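# An overview of the molecular structure
What follows is each chain in one-letter form.
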Amino acid sequence: MTEYKNMAICDLRNVTLESAAEIESITNIAVLVYPKNPSPELSVALTKIPVKNVAATIYLEKDAPIAQRNGSCEISAKDFSSGGLVICNGTAAIHKIAPETEGSIMCNGSAIFHKSLRNDCKINMLALNGIQSYADFEEVRQYESKIVVDKDMLELMEEKMLILSEGKIIFAPDVSMDLLKAKKPFFFSKEKIVCNNEISAYIKLNSMAEEGVKVRDMQEWDEEDDD
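Residues numbered from 1 in each chain as written. Predicted model: local features only at pLDDT ≥ 70, side-chain atom pairs only at ≥ 80, totals over all residues. Heavy atoms only, no water.

### A word on the overall build of the protein chain
- Along the backbone of the protein chain there are five helices and 19 strands.
- By the compact-globule yardstick of 17 Å for 227 residues, the protein chain is too spread out, its C-alpha radius of gyration being 22 Å.
- For the protein chain, the residues scored as buried account for 44% of the 227 residues in total.
- If you take every contact in the protein chain between residues at least 6 apart in sequence, the share linking residues at least 24 apart comes to 35%.
- If you sum the accessible surface of the protein chain, you get close to 11,600 Å²; carbon and sulfur atoms cover 44% of it. (Helix = DSSP H or I, 4+ residues; strand = E, 2+ residues; numbered from the N terminus. Rg over C-alpha atoms; globule rule 2.2 N^0.38 Å. Buried < 20%, exposed > 50% of the residue type's maximum accessible area, 1.4 Å probe, protein only. Contact = heavy atoms within 4.5 Å. Areas by Shrake-Rupley, 256 points an atom, 1.4 Å probe, with all protein chains shown as cover.)

In C-alpha cells form, the structure reads like this:
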C-alpha cells in the first residue's frame, strides 16, 4: 500500500485504476490535484481514498501545467495555457489576463490584481494567505530589499508602475504630491512604507504594506533612520 503525506503538491492525474486502489491515505497536502473527467470507475476509486489535512483541491486536465514561483512574481495570461495552476510562494502581481482566460492561483502571500479583474475574471483563487488588493497598473518592478523612492526615480518611471518590495519602501523628502499624481504609481511592501505628511494621502490610497504606512517628519531626513 502507498501513503502520500507531507507534500506541497499531490498530483493524481496519471494514476490508474490499479494504482488508485493501492493508495492507503493522503495526508498533510497543500494542493491535491485530481484528474478532470476521469472514468466512472477511476472516480469511484479516488473517492474511496481517505483524505486529511488538505489545504486546497483542484481538478485539472492531464496536460494542464502546474507552475511554482518563489518570491515576488508576475502572473499573466501566458501562465494559463490549457487552464493550469500557478502556485506563488510570495507576493503576486496579477494582470494582462483576458476575461475568458481560465486557470487557478494559490498564493502563499499577498496578491495585487489589476482593477479590470475585479468583476470580470474566470481565474479561480484557490487560497490566499495575505492581503488582497486591486490597482490600476501597466508594468511591474520588483525589489528584493528596501528601496528609497526619490524625485529622480519617479521622473524616470513609466506611468502606472506597480512597485513591489520585499523590504521597506521609504519616500525621500523631494517626492511631491504633483509628481505622484502625474505618474500614478502603486506601491506594495512586505514590511512598511515610510513617507512624510505632504504625500501621505496619496500613499495611503495607492499602496499596500503588510506592516502599515508610517507618516513622519522628514525635515532632518536620513534614509537609514527608518524605524
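### Quick word on the pattern of salt bridges
- Here the structure, examined in full by the defined rule, presents six salt bridges.
- Notably, a salt bridge pairs Glu210 with Lys190, separated by 3.6 Å at the nearest N-O pair. Within this pair, whereas Glu210 is found in the loop between strand 18 (207-209) and strand 19 (213-215), its partner Lys190 is found in the loop between strand 16 (186-189) and strand 17 (193-195), the two being separated by 20 residues in sequence.
- What makes Glu210 partly exposed here is its relative accessible area of 34%.
- Taking the relative accessible area as the measure of exposure, Lys190 reaches 26% and is therefore partly exposed.
- Salt bridges linked by common partners bring Lys115, Asp136 and Lys160 together as one network. (Salt bridge = Lys/Arg side-chain N within 4 Å of Asp/Glu carboxyl O.)

### As for unusual backbone geometry
- In this model, Asn37 sits at a positive phi of 60°, which is unusual for a non-glycine residue.
- A positive phi angle, close to 60°, is found at Lys160, a residue other than glycine.
- Inspection of the secondary structure assignment puts Lys160 in the loop between helix 3 (151-156) and strand 14 (161-165).

### Observations concerning the side chain of Ser76
- Along the polypeptide, Ser76 turns up in the loop between strand 5 (73-75) and strand 6 (85-89).
- At 3.1 Å, the side chain of Ser76 forms a polar contact with the side chain of Lys78.
- If sequence neighbours within four positions are ignored, Ser76 has contacts with His95, Lys96 and Ile97. (Polar contact = N/O pair within 3.5 Å; in protein donor to acceptor, adjacent residues only side chain to side chain.)

### A word on the layout of surface pockets
- Roughly 220 Å³ of volume is contained in the largest pocket.
- In this structure, the largest pocket is lined by 14 residues; those nearest its centre are Lys36, Tyr59, Leu60, Gly83 and Glu102.
- Of all elements in the fold, only strand 3 (51-60), strand 8 (102-107) and strand 10 (122-128) reach the threshold of two or more residues within the lining of the largest pocket.
- Residue composition of the lining of the largest pocket, grouped by class: four nonpolar, six polar and four charged. (1 Å grid on protein atoms, 1.4 Å probe; cavity = no way out; pocket = protein on both sides within 12 Å on 5 of 7 lines; lining within 4 Å. Points joined across faces, edges and corners; volume = space filled by probe spheres on them. Nonpolar A, V, L, I, M, F, W, Y, C, P; charged D, E, K, R; others polar.)

### Points about the nonpolar core
- If you look at the biggest cluster of nonpolar residues, it comprises 20 residues, and the most contacted ones within it are Ile169, Phe171, Leu180, Phe187 and Ile203.
- Where this core is concerned, the elements lending two or more residues are strand 13 (147-149), helix 3, strand 14, strand 15 (169-171), helix 4 (177-183), strand 17 and helix 5 (197-205).
- Non-local contacts of Leu180, meaning those with residues more than four positions away in its chain, are made with Leu154, Val175, Pro185, Phe187, Ile199, Tyr202 and Ile203.
- Formed by 14 residues, the second largest nonpolar core is a distinct cluster that contains Cys88, Ile105, Ala111 and Ile123. (Core = buried A, V, L, I, M, F, W, Y, C linked by side-chain atoms within 4.5 Å.)

### Some thoughts on the sheet that holds strand 13
- If you trace the four strands from one edge of the open sheet to the other, you get 13-15-17-19, paired in parallel fashion. Two strands in the sheet have a free side with no partner beyond their single neighbour: strand 13 and strand 19. With strand direction ignored, the average angle separating the axes of adjacent strands in the sheet is 20°. (Pairing = 2+ DSSP bridges. Axes fitted to C-alpha atoms, helices over the stretch in contact; angles between N-to-C directions.)

### Section: the environment of His114
- One can find His114 in strand 9 (residues 111-114).
- Among the residues examined, His114 registers a relative accessible area of 13% and is labelled buried.
- Considering only alpha carbons, one finds His114 and Asp136, 22 residues apart in sequence, at a separation of 5.7 Å.
- If we ignore the near neighbours within four places in the chain, the residues touching His114 are Ile94, His95, Tyr134, Ala135, Asp136 and Phe137.
- A distance of 2.9 Å separates a polar atom in the side chain of His114 from a polar atom in the side chain of Ser116.

### Focus on helix 5
- For helix 5, every residue scored as buried is listed here: Ile199, Ser200, Tyr202 and Ile203.
- Of the surrounding secondary structure, the elements contacted by the buried residues of helix 5 are strand 15, helix 4, strand 16, strand 17, strand 18 and strand 19.
- Sitting at the amino-terminal end of helix 5 is Asn196, which places a side-chain oxygen 3.3 Å from the backbone nitrogen of Glu198.

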